[in-house]
Amino acid sequence: MRLPETHPSFRLNKLHYTNEELASVAYSLIKEGEPYEGQAGSFLLDWLNEKDYVEVKTSGSTGTPKKIRIKKQFMINSAKATGRFFDLPAGTTALHCLPTNFIAGKMMLVRAMVLGWHLDLVLPKANPLDRVFKIYDFCAMTPFQLDNSLSRLHLIRKLIVGGGAVSATQKDLVQGIATEVYETYGMTETVTHIAARRVNPKRKKEDPIPFQVLPNVSISTDDRECLVISAPQLAEEPVVTNDVVEILSPKTFIWKGRIDNVINSGGIKLHPEEIEAKLAPIIAHRFFITSLPDPALGEKLVLMVESDFSETALKNLEKEIKASNKLGKYELPKKIYLVEKFEETPNGKIHRTNTLKSRMA
């Protein structure tokens, strides 16, 4: 493909560059910049080369992490769809605070080059806004970065959060602020997000708020009730996910949970993520819903809470959950376990399987 020239309004760290000039900038970022700048430089060289694709590592959302090739044209199409959906025209000021070795970070650069944004590149760290002293129209963060940036969100007009679910606590904390905060849904295979939902709407809406799909994306479900994404401008084949959804209209859906996590208790299918969302306002500690084998039910629903053991605390929690009336008859945990410390994955997430194994050992 013939790569389009950078948009006349495009700025990277306040300076405009043509494609030819960007190649020199890329070499300089690799040679003289910080590691995060070197990652951006490496991607820019990949973007500017003769190939019609970019090699990207998947996150593992739809299977084992692997390297895949994404057409540059698909990345351009994705950038344009984001610009239309979020109303981000040429001249949009944007903060880039994600690692560029993953698709989300690469796409921030592509959006800026294609749409003509003024993009500032900063260190992708836990609290990326701590040394920011100007207001940006747009930014993309992970839930972990959002957690560490709540006191400075007034510096961002529109924020998208991806790479993990926005927690119930985070949603509560962003209500009533001026920043438009959107949770996105997508994966590497769909060139980042294909849908988004505003988690702090101006008018209070009933939970769960549905996701709305971006332009030129069609959705359906397979026989497992899992989401199938058809987006010919972003992927050559339909993308079959492991996410159980309820489709409300051709353009909206509600995410219910991962098929891998579904609990079949006496023939009733229970989604841990849905139950966790209902319990979040009640439980102050880290927790998760899982299951244990049961001779009568097949699987019984259990609640694991990260807390020192106390008989009193256990009984109080049981009473509180029942009194809240938030859970349906089958969603009530058959047993609650207080665990001193949860097992974690290398990136700090709860390792559900290992925590359950260590507790039951």
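Note that this is a predicted model, so its numbers are computed, not measured.

Focus on the overall build of the chain
Along the chain, the regular secondary structure elements total 9 helices and 19 strands. At 22 Å, the chain has a C-alpha radius of gyration in line with the 21 Å of a compact globule built from 361 residues. Projected onto its principal axes, the C-alpha coordinates of the chain cover approximately 70 × 45 × 45 Å. Buried positions account for 47% of the 361 residues belonging to the chain. Summarising the internal contacts of the chain: among those between residues at least 6 apart in sequence, 50% fall at separations of at least 24. When the accessible surface of the chain is totalled, it reaches about 18400 Å², and 51% of it is carbon and sulfur. If you average the places of the 48 positive and of the 43 negative side-chain charges in the chain, the two averages end up 2 Å apart.

Considerations on the environment of Arg203
Take Arg203: it is sitting in the loop between β9 (192-198) and β10 (211-213). By relative accessible area, which is 72% here, Arg203 ends up exposed. Residues Arg203 and Asp137 lie 66 residues apart in sequence; the distance between their C-alpha atoms is 22 Å.

Section: the packing of helix α1 (residues 19-32) against helix α2 (residues 35-48)
At their nearest, the axes of α1 and α2 sit 8 Å apart, and the two run at 145 degrees to each other. The chirality of how α1 crosses α2 is left-handed. Of the residues in α2, those in contact with Asn19, Leu22, Ala23, Ala26, Tyr27, Leu29 and Ile30 of α1 are Glu37, Gly38, Gly41, Ser42, Leu44, Leu45 and Leu48. Residues that form the contact of α1 with α2 fall into these classes: 9 nonpolar, 4 polar and 1 charged.

Things to note about the nonpolar core
Residues Trp47, Met75, Val110, Tyr185, Ile229 and Phe253 are the most contacted members of the largest nonpolar core, which totals 59 residues. At 9 residues, the largest contribution of residues to this core is made by helix α4 (residues 103-115).

Observations regarding the pairing of strand β13 (residues 239-249)
Direction of pairing for strand β12 (residues 226-230) relative to β13: antiparallel, over a ladder of 3 bridges. Opposite Cys226, over in β13, you have Val244 as the bridge partner. In this structure, β13 lies alongside strand β14 (residues 252-258), joined through 6 bridges in antiparallel fashion. Residue pairing across strands places Val245 opposite Trp255, the latter belonging to β14. What sits between the antiparallel neighbours β13 and β14 is a turn of 2 residues.

Quick word on the side chain of Thr252
Within the secondary structure, Thr252 is located in strand β14. Of note is the side chain of Thr252, whose polar atom sits 2.7 Å from the side chain of Ser249. Filtering out sequence-adjacent residues up to four positions away, Thr252 remains in contact with Pro210, Phe211, Gln212, Ile219 and Ile247.

A look at the packing of aromatic side chains
Summed over the entire model, instances satisfying the criterion amount to 9 aromatic pairs. When the ring of Tyr185 is compared with that of Phe253, the centres are 5.6 Å apart and the planes differ by 80 degrees; the resulting orientation is edge-to-face. Within this pair, whereas Tyr185 is found in strand β8 (residues 180-187), its partner Phe253 is found in strand β14, the two being separated by 68 residues in sequence. In terms of burial, Tyr185 and Phe253 fall into one category: buried.

Looking at α2
Counted at 1.5 Å a residue, the expected span for α2 with its 14 residues is 20 Å, and the 20 Å between its end C-alpha atoms agrees. Three or more residues of α2 are buried, namely Tyr36, Glu37, Gly38, Ala40, Gly41, Phe43, Leu44 and Trp47. Against the buried residues of α2 lie α1, β2 (53-57), α3 (72-86), α4 and β5 (118-121).

Overview of the environment of Val217
Mapping Val217 onto the fold places it in the loop between β10 and β11 (218-221). Linking Val217 and Val174, residues 43 residues apart in sequence, is a C-alpha distance of 28 Å. Non-local contacts of Val217, meaning those with residues more than four positions away in its chain, are made with Ile194, Ile229, Ser230, Ala231, Leu234 and Lys251.

Description of the side chain of Lys72
With respect to the secondary-structure elements, Lys72 resides in helix α3. At a separation of 3.0 Å, a polar atom in the side chain of Lys72 contacts the main-chain carbonyl oxygen of Asp46. For Lys72, the residues in contact, after removing those within four places along its chain, are Met1, Leu3, Asp46, Trp47, Leu48, Asn49, Lys51, Asp52, Tyr53 and Val54.

Focus on the sheet that holds strand β18 (residues 298-306)
Pairing is mixed across the open sheet formed by 3 strands, whose spatial order is β17-β18-β19. Only two strands of the sheet have a single neighbouring strand rather than two, namely β17 (287-294) and β19 (335-339). Looking at each pair of strands side by side, their axes are set apart by 35 degrees on average, direction ignored. By the bridge criterion, 8 bridges tie β17 to β18 in an arrangement that is antiparallel. Residue pairing across strands places Leu292 opposite Lys300, the latter belonging to β18. Helix-sheet contacts for helix α7 (residues 272-279) involve β17 and β18, and the interaxial angle to β17 is about 135 degrees. Packing against the sheet, helix α9 (residues 352-360) makes contact with β17, β18 and β19, and its axis sits at approximately 60 degrees to β17.

Definitions and limits used
- Residues numbered from 1 in each chain as written.
- Predicted model: local features only at pLDDT ≥ 70, side-chain atom pairs only at ≥ 80, totals over all residues.
- Heavy atoms only, no water.
- Helix = DSSP H or I, 4+ residues; strand = E, 2+ residues; numbered from the N terminus.
- Rg over C-alpha atoms; globule rule 2.2 N^0.38 Å.
- Buried < 20%, exposed > 50% of the residue type's maximum accessible area, 1.4 Å probe, protein only.
- Contact = heavy atoms within 4.5 Å.
- Areas by Shrake-Rupley, 256 points an atom, 1.4 Å probe, with all protein chains shown as cover.
- Lys, Arg positive; Asp, Glu negative; His and termini not counted.
- Charge placed at Lys NZ, Arg CZ, Asp CG, Glu CD.
- Axes fitted to C-alpha atoms, helices over the stretch in contact; angles between N-to-C directions.
- Left-handed = near helix turned anticlockwise from the far one by under 90°.
- Nonpolar A, V, L, I, M, F, W, Y, C, P; charged D, E, K, R; others polar.
- Core = buried A, V, L, I, M, F, W, Y, C linked by side-chain atoms within 4.5 Å.
- Pairing = 2+ DSSP bridges.
- Polar contact = N/O pair within 3.5 Å; in protein donor to acceptor, adjacent residues only side chain to side chain.
- Phe/Tyr/Trp six-rings, centres within 6.5 Å; stacked < 30°, edge-to-face > 60°.
- Expected span 1.5 Å × (residues − 1).

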